[in-house]
Amino acid sequence: MEDESPHPSSCVRALCGRGLVRMINDSPYLTALDYITACNLKLDETVLTIKSYVPWNQRGLLYKVLQEEGEKIIQKKPSHSNDNGLSQKKKSSDQDGVTFKESDVSGVHQLAMLLMILDPSDDASRILCTDALYQMGRIEEAHKMLSLALHSSSQRSPVLARLALLQFKKGFIYDGNQLVKKVIQIGDTACLIPIMDVFKEEDRKLMQNHCHSKAMAILQSKEGNTYIKEAIAHLSLAIIASGGHAKESLLARARCYGQLGLKKTAIFDFNAVLKDEPNNTEALCGKGFIYMTLNHQKEAVHDIILAIKADSSDVIQEIQTLNPEAQLLTSDWLYDHCRTLLTTQLNEYKNLPADPVFNDLEVIGKTLIEIDNKKSDFHILYTDILIVKERYEEAFTHLKKTFNNCAINEAAKARYGVLHVKCRNVLAAAQELCVLAVKNPSEVEILVKLLDKRQRQSLSQVAAQEGNSLTQDNQHEKALNYFSLAVITSNNNPKYLRHRALCLSHLKDYTNAIKDMDKAIQRHGSNDLKTQIEDHCFKGHLLLSVSEDDAAVQQYLKALNLDQTLALECIHLRPGKAELTQIFSRIGHNYFEKQLYEESWKVTTGGLLIDEKNHELKRLKVRIKREASGCSVH
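Throughout what follows, the structure given in this document is the object of discussion. Keep in mind that what you see is a predicted model, and the values were worked out from it rather than measured.

### Comments concerning the overall build of the chain
Then, number 1: A tally of regular secondary structure across the chain gives 34 helices and two strands.
Then, number 2: Computed over the C-alpha atoms, the radius of gyration of the chain is 45 Å, more than 25% above the 26 Å expected from 2.2 N^0.38 for a compact globule of 634 residues.
Then, number 3: Judged by the C-alpha coordinates and their principal axes, the chain covers about 145 × 70 × 45 Å.
Then, number 4: Considering the chain as a whole, with its 634 residues, one finds that 50% of them fall into the buried category.
Then, number 5: Across the chain, every contact between residues at least 6 apart in sequence was considered, and the portion connecting residues at least 24 apart equals 59%.
Then, number 6: Looking at the chain, you have 79 positive and 80 negative side-chain charges, and the mean spots of the two groups are 3 Å apart.

This is the structure in structure tokens:
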């Protein structure tokens with residue numbers, strides 16, 4: 001080749017020899033380049049040289065290397081071998097200055113012809129030849145060669161797929177459709193993947209559009225798993241033809257997988273759409289609905305909320321396509337999420353109106369109302385969000401508009417109460433909230449968090465005042481409502497707990513009165529001595545009312561141990577000195593009979609503090625000393 005006037009035959013032999021050495025040195029692209037150059041010089045001489053000079057044990061490897069490198073050039077893929085950085089994406093040259101361009105596929109055609117002459121039965125070489133003919137624009141020749149290969153080729157699916165693409169390109173839709181059906185029947189749709197790097201985008205688009213349209217027609221006109229699977233096959237071909245980015249086909253195939261129960265596969269397709277379009281509402285909703293069928297509430301709600309934030313109107317349409325049970329479950333899960341998040345935010349944050357979370361909650365609240373406008377819980381939730389965002393006029397307007405059309409419930413009245421507080425009409429607020437404080441205290445506890453510290457304090461004071469006024473008029477049932485509101489809004493202030501306990505005792509609800517006194521006694525650290533003694537004595541009186549005499553005596557003993565004088569003053573008011581002494585005597589005797597001498601001694605001593613002249617207690621004390629001689633009872 002370096003000779004000034006080289007002979008073609010000698011050049012061919014030199015190129016073939018150098019190509020063989022390059023193959024041995026692991027430079028497959030340069031090997032293919034040498035043989036392409038040789039074929040362009042003289043094809044028949046190249047055939048003769050390979051048959052005559054290439055050792056028989058290296059011919060198989062040479063065929064495979066030439067075939068693979070030809071496919072890479074056709075498919076525009078870079079070589080991954082040690083070619084000193086050379087690639088088909090650039091001009092590549094060897095030491096003799098021979099060049100080859102990526103777009104020049106005629107050399108690949110010559111290479112494919114060489115391989116077909118060397119091994120006429122090799123289907124891969126024939127397919128490589130037709131691909132080269134296609135890229136050279138020789139469509140009829142490619143079609144003819146594929147048609148002839150169809151009857152003898154072992155690679156039936158790749159041949160059928162290429163023929164289908166050519167038929168669509170020529171406008172023969174029916175013939176192309178029949179060929180696609182045969183590919184689907186064979187079940188080798190993956191054969192289309194390497195073809196996509198060979199055929200032009202506009203031709204692949206024809207295949208994509210046809211397969212997608214055919215799948216949609218099947219889904220609209222036929223029912224049953226068999227037809228769904230057929231539609232999936234067409235959609236898969238459309239997705240492959242698009243390079244994996246056919247959004248509509250991916251969405252349709254995901255829904256088909258969902259109908260067949262292949263839920264994880266459906267999620268995979270939805271994720272493929274979201275990879276390109278993170279805010280695609282159809283994919284987000286579809287993925288959320290699949291998670292819903294799997295009973296994965298957290299994941300389902302997460303995806304549906306992302307969709308709502310992207311476009312709530314689309315989400316509403318998607319949800320309305322579900323059956324009634326699924327619609328109800330979706331809206332309930334969204335409501336639970338919003339209510340929980342709202343409560344959490346109220347517990348944890350101070351700068352509520354400025355928190356961006358409430359903007360998202362407002363959007364979700366509006367969406368829930370549009371999904372089911374008749375459900376009062378959704379309107380109440382939306383009102384709460386408006387209150388937190390300090391949009392009180394809008395909250396008032398929304399409540400009036402909502403509950404003009406349906407009967408107002410306690411929850412709505414409570415929101416009116418909160419708004420009244422915000423507007424400094426505290427008495428009206430107390431009137432709205434007091435009944436709910438007894439019927440549903442947990443609801444009021446949530447609402448109180450919508451108020452600041454000053455507003456809660458003002459509300460509790462007004463409620464307590466109203467309760468005291470009603471108590472003086474012996475309207476204890478109404479007073480109980482106000483005292484309950486005062487307790488909740490003050491976070492169990494002992495003062496209001498005592499008021500409510502007294503009111504409950506008038507209503508003979510001693511059990512709940514005792515519970516209130518327990519809470520008050522637990523906070524004795526901040527009370528003076530007199531208040532503590534009064535609490536123990538009042539709890540003792542309540543325990544006597546439910547015949548728990550033992551527990552009652554213990555409360556009176558605690559009061560006596562704190563201060564005898566103050567305790568006796570409380571005992572004198574209720575239940576009275578004589579009555580309580582008899583109870584102490586009876587309890588003391590019970591302990592004595594059970595040989596609980598220490599407990600009997602404490603009770604007897606306490607009883608004598610109440611009435612030091614009581615003869616029964618004195619005699620009991622003597623008996624205890626006698627029976628318990630030798631034991632420490634002091």
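### Quick look at the pattern of salt bridges
Then, number 1: Tallied over the entire structure, the rule returns 24 salt bridges.
Then, number 2: Here Glu362 ties to Arg391 by a salt bridge, and the two come within 2.8 Å at their closest N and O atoms. Of this pair, Glu362 sits in helix H19 (residues 357–371) while Arg391 sits in the loop between helix H20 (376–388) and helix H21 (392–403), and the two are 29 residues apart along the sequence.
Then, number 3: A cluster of three or more residues bridged by salt bridges with shared partners is formed by Glu362, Lys366, Lys389, Arg391 and Glu394.

### Description of helix H1 (residues 8–24)
Then, number 1: With 17 residues, H1 should reach 24 Å at 1.5 Å per residue; the first-to-last C-alpha distance of 24 Å fits that figure.
Then, number 2: Taken together, the buried positions of H1 are occupied by Ser9, Cys11, Val12, Leu15, Cys16, Arg18, Gly19, Leu20, Arg22 and Met23.
Then, number 3: Where H1 is buried, its residues contact helix H2 (28–41), helix H3 (43–53) and helix H4 (56–74).
Then, number 4: Once H1 finishes, Asp26 follows within two positions and takes phi at roughly 65°, a positive value.

### What about the state of the cysteines?
Working definition of a disulfide: a covalent bond connecting the sulfur atoms of two cysteines.
Then, number 1: Tallying each qualifying case throughout the model produces zero disulfides.
Then, number 2: Cys129 takes part in no disulfide bond, and the closest cysteine sulfur to it belongs to Cys39, at a distance of 12 Å.
Then, number 3: There is no disulfide at Cys423, and the cysteine sulfur nearest it, in Cys434, is 19 Å away.

### Here we look at helix H33 (residues 597–610)
Then, number 1: The end-to-end C-alpha distance of H33 is 20 Å, a good match for the 20 Å that 14 residues give at a rise of 1.5 Å each.
Then, number 2: For H33, the set of buried residues is Tyr597, Ser600, Trp601, Val603, Thr604, Gly606, Gly607, Leu608 and Ile610.

### Describing the layout of surface pockets
Then, number 1: There is about 530 Å³ of room inside the largest pocket.
Then, number 2: Residue lining of the largest pocket: 22 residues in total, with Glu445, Val487, Ile488, Asn492 and Arg500 positioned closest to the centre.
Then, number 3: Among the elements of the structure, helix H23 (426–439), helix H24 (441–448), helix H26 (476–489), helix H27 (494–506) and helix H28 (510–522) are those that each provide at least two residues to the lining of the largest pocket.
Then, number 4: With five residues, the single largest contributor to the lining of the largest pocket is H26.

### Re the environment of Leu485
Then, number 1: Mapping Leu485 onto the fold places it in helix H26.
Then, number 2: Sequence separation between Leu485 and Leu433 is 52 residues, and the spatial gap between their C-alpha atoms is 7.1 Å.
Then, number 3: Not counting chain neighbours up to four residues away, the residues in contact with Leu485 comprise Ala430, Leu433, Cys434, Ala437, Val444, Leu459 and Ala463.

### A word on the packing of helix H25 (residues 453–472) against H26
Then, number 1: Contact geometry for H25 and H26: axes closest at 8 Å, N-to-C directions at 160°. Classed by the angle they form, the pair H25 and H26 counts as roughly antiparallel. In this structure, the crossing between H25 and H26 has a hand that is left-handed. Where H25 approaches H26, its residues Arg456, Leu459, Ser460, Ala463, Ala464, Glu466, Gly467, Asn468, Leu470 and Thr471 are matched on the opposing element by His476, Lys478, Ala479, Tyr482, Phe483, Leu485, Ala486 and Thr489.
Then, number 2: Class assignment for the residues of the contact of H25 with H26 results in nine nonpolar, six polar and three charged.

### So, the nonpolar core
Then, number 1: Ranked by size, the top nonpolar core spans 124 residues in total, and within it Leu459, Leu485, Leu580 and Phe584 carry the most contacts.
Then, number 2: Other than its neighbours up to four places away in sequence, Leu580 contacts Leu544, Tyr556, Ile571, Pro575 and Ile610.
Then, number 3: Judged by nonpolar contacts, the second largest core, of 64 residues, contains Ala142, Met145, Leu146 and Ile184.

### Regarding empty space enclosed by the protein
Then, number 1: Inspection of the entire model under this criterion finds one cavity of 30 Å³ or more.
Then, number 2: Volume-wise, the largest cavity comes out at about 30 Å³.
Then, number 3: Forming the walls of the largest cavity are Ala161, Ala164, Val180, Val183, Leu192, Met207 and Leu237.
Then, number 4: Among the secondary structure elements, those contributing two or more residues to the lining of the largest cavity are helix H8 (156–170) and helix H9 (173–186).
Then, number 5: When its residues are assigned to classes, the lining of the largest cavity shows seven nonpolar, no polar and no charged.

About the criteria used
- Residues numbered from 1 in each chain as written.
- Predicted model: local features only at pLDDT ≥ 70, side-chain atom pairs only at ≥ 80, totals over all residues.
- Heavy atoms only, no water.
- Helix = DSSP H or I, 4+ residues; strand = E, 2+ residues; numbered from the N terminus.
- Rg over C-alpha atoms; globule rule 2.2 N^0.38 Å.
- Buried < 20%, exposed > 50% of the residue type's maximum accessible area, 1.4 Å probe, protein only.
- Contact = heavy atoms within 4.5 Å.
- Lys, Arg positive; Asp, Glu negative; His and termini not counted.
- Charge placed at Lys NZ, Arg CZ, Asp CG, Glu CD.
- Salt bridge = Lys/Arg side-chain N within 4 Å of Asp/Glu carboxyl O.
- Expected span 1.5 Å × (residues − 1).
- Disulfide = S-S within 2.5 Å.
- 1 Å grid on protein atoms, 1.4 Å probe; cavity = no way out; pocket = protein on both sides within 12 Å on 5 of 7 lines; lining within 4 Å.
- Points joined across faces, edges and corners; volume = space filled by probe spheres on them.
- Axes fitted to C-alpha atoms, helices over the stretch in contact; angles between N-to-C directions.
- Parallel < 35°, antiparallel > 145°, perpendicular 65-115°, else oblique.
- Left-handed = near helix turned anticlockwise from the far one by under 90°.
- Nonpolar A, V, L, I, M, F, W, Y, C, P; charged D, E, K, R; others polar.
- Core = buried A, V, L, I, M, F, W, Y, C linked by side-chain atoms within 4.5 Å.

Interpretation note: all reported values are geometric properties and have no functional meaning in isolation.
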